[in-house]
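# Examining the three-dimensional arrangement
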Amino acid sequence: MANILLTGGTGYIGAHTAVVLIESGHTPILLDNFSNSTPKVAERIQVITGVKPMVIEQDVLDTAALVDVLNTHDIQAVIHFAAHKAVGESVEKPLSYYQNNVMGTLSVLAAMAQAGVHHIVLSSSATVYGENGVPPMSEDAPLSATNPYGQTKVMMEQIIRDVAVADKTLRYAMLRYFNPVGAHPSGQIGEHPRGIPNNLMPYVQQVAIGLREKLSVFGNDYPTADGTGERDYIHVMDLARGHVLAVNHLLAGNDSFTVNLGTGKPVTVLQMVQAFEQASGKPIAYTIAPRRAGDVASVYANPQLARQLLGFETEYTISDMCRDAWVWQSRNPNGYDEA
Ligand code: UD1
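Read on for a plain summary of the structure. Remember, predicted model here, so these are calculated numbers, not experimental data. (Residues numbered from 1 in each chain as written. Predicted model: local features only at pLDDT ≥ 70, side-chain atom pairs only at ≥ 80, totals over all residues. Heavy atoms only, no water.)

Scanning the protein from terminus to terminus reveals 11 helices and 13 strands. The C-alpha atoms of the protein give 19 Å as radius of gyration, which agrees with the globular expectation for 339 residues (20 Å, within 12%). Projecting the C-alpha coordinates of the protein onto the three principal axes gives extents of approximately 55 × 45 × 40 Å. When burial is assessed residue by residue, the protein has 54% of its 339 residues classed as buried. Contacts spanning at least 24 positions in sequence make up 79% of the contacts within the protein whose residues lie at least 6 apart. About 14,200 Å² of surface is accessible on the protein, with carbon and sulfur atoms providing 50% of the total. (Helix = DSSP H or I, 4+ residues; strand = E, 2+ residues; numbered from the N terminus. Rg over C-alpha atoms; globule rule 2.2 N^0.38 Å. Buried < 20%, exposed > 50% of the residue type's maximum accessible area, 1.4 Å probe, protein only. Contact = heavy atoms within 4.5 Å. Areas by Shrake-Rupley, 256 points an atom, 1.4 Å probe, with all protein chains shown as cover.)

Let's shift gears to the site of the ligand. Around the ligand, the surrounding shell holds 18 residues, and the nearest of these are L200, S216, R231, R292 and D295. L200 is positioned with one of its backbone polar atoms (N or O) 2.8 Å from an oxygen atom of the ligand. The contact in question runs from an oxygen atom of the ligand to an N or O atom on the side chain of R292, over 2.8 Å. Burial of the ligand by the protein amounts to 87% of the accessible area it has alone, namely 740 Å². When residues in the shell around the ligand are grouped by element, the largest group, 4 residues, is from strand β8 (residues 215–218). Considered class by class, the residues forming the shell around the ligand number 8 nonpolar, 7 polar and 3 charged. (Near = heavy atom within 4 Å. Polar contact = N/O pair within 3.5 Å; in protein donor to acceptor, adjacent residues only side chain to side chain. Nonpolar A, V, L, I, M, F, W, Y, C, P; charged D, E, K, R; others polar.)

This part is about the environment of I22. Mapped onto the fold, I22 is located in helix α1 (residues 12–23). Look at I22 and you get buried, because its relative accessible area is 13%. Sequence-distant contacts of I22, defined by excluding residues within four places in its chain, comprise P28, I45, T49, V51 and P53.

This part takes up the nonpolar core. Grouped together as the largest cluster of nonpolar side chains are 40 residues, with contacts concentrated most on I4, L6, I45, L175, F257 and L261. Within the residue set of this core, elements represented by two or more residues are β1 (3–7), α1, α2 (41–49), β4 (77–80), β6 (171–177), α8 (236–251), β11 (257–261) and α10 (304–310). Ignoring sequence-local partners within four residues, the contact set of L6 consists of G14, T17, A18, L21, P28, I29, L30, L31, I79 and F81. Residues V108, A111, A115 and V117 belong to the second largest nonpolar core, which totals 28 residues. (Core = buried A, V, L, I, M, F, W, Y, C linked by side-chain atoms within 4.5 Å.)

Next comes the structure, spelled out in structure tokens:
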């Protein structure tokens, strides 16, 4: 059982991972600057688990402060979630993305080296496969990026690999997420994007509660079952469990590794809309719009390596993902702010 620091720990994936860590007997400590989250998450985690995790307001760019946190709380592993993640915004504000994501990773690694912490789990993304890959994506596919956000994820991975070559005591796990959706089944925690959502599921959810009029389906002339883009949606609770398996694998003394976390099953935009309508009982108005720049027809994982290495199998179905997203959204139309 370990004390584990979660940078970006009050964000969407961090909060769900904290729940599973607590349920597994670990002690997560959530560090965040609240640029896209709130400390209120801790109370919701307490409702679910009976344990209120410690929350520390801190920017990952402050290396000295990180060293202090790592030492004070006797941290054995870091799960590094803290990063900006919006593709469009990264094109507008590349400096902010390189600063926060790349410099943030350098700062975390420097602090870990100073404090003698040897295990890091990185929040990576299927975005590192770029646009030329042929699905199902395997971990040994070449990496590339089509925008600054994707580029930062490629760089964050590379930096960690390089540091681990020089520092033989460092062990890493890179987790390449496909499309995380859904929420804890209790409806206590979930995703609450600020402003107009960029991603499909949050947008669909906001149409369902009447916050947005209709969904724009970006393209219906892709070479897929119904012409709309296919992705590999993974329930955030499955994803969270993947982090716990990964950190346990490292803490057990195993070598560094890089794995996909996905289901391996492609689902189209219209299939997702239909599943959400069934789960919520709400009609989702949509219109067919032009393709979104930078989108590809089909992205899904080869999930074999995570299965072999970690015994990771996804458990939640598309219908579970939609049901849990709806429970969260309908009970928390304003996210963590009271109605
Ligand atoms: C996007 C990012 C990816 C990032 C991930 C984070 C782009 C091009 N890619 O992935 O780099 O890692 O989010 O979660 O932004 N769609 C609609 N209407 C919408 C929104 C989306 O039709 O309003 C479609 C998209 O065309 C796509 C699918 O829904 O086919 C999923 O889109 P999205 O949720 O944005 O995820 P990705 O594009 O896979």
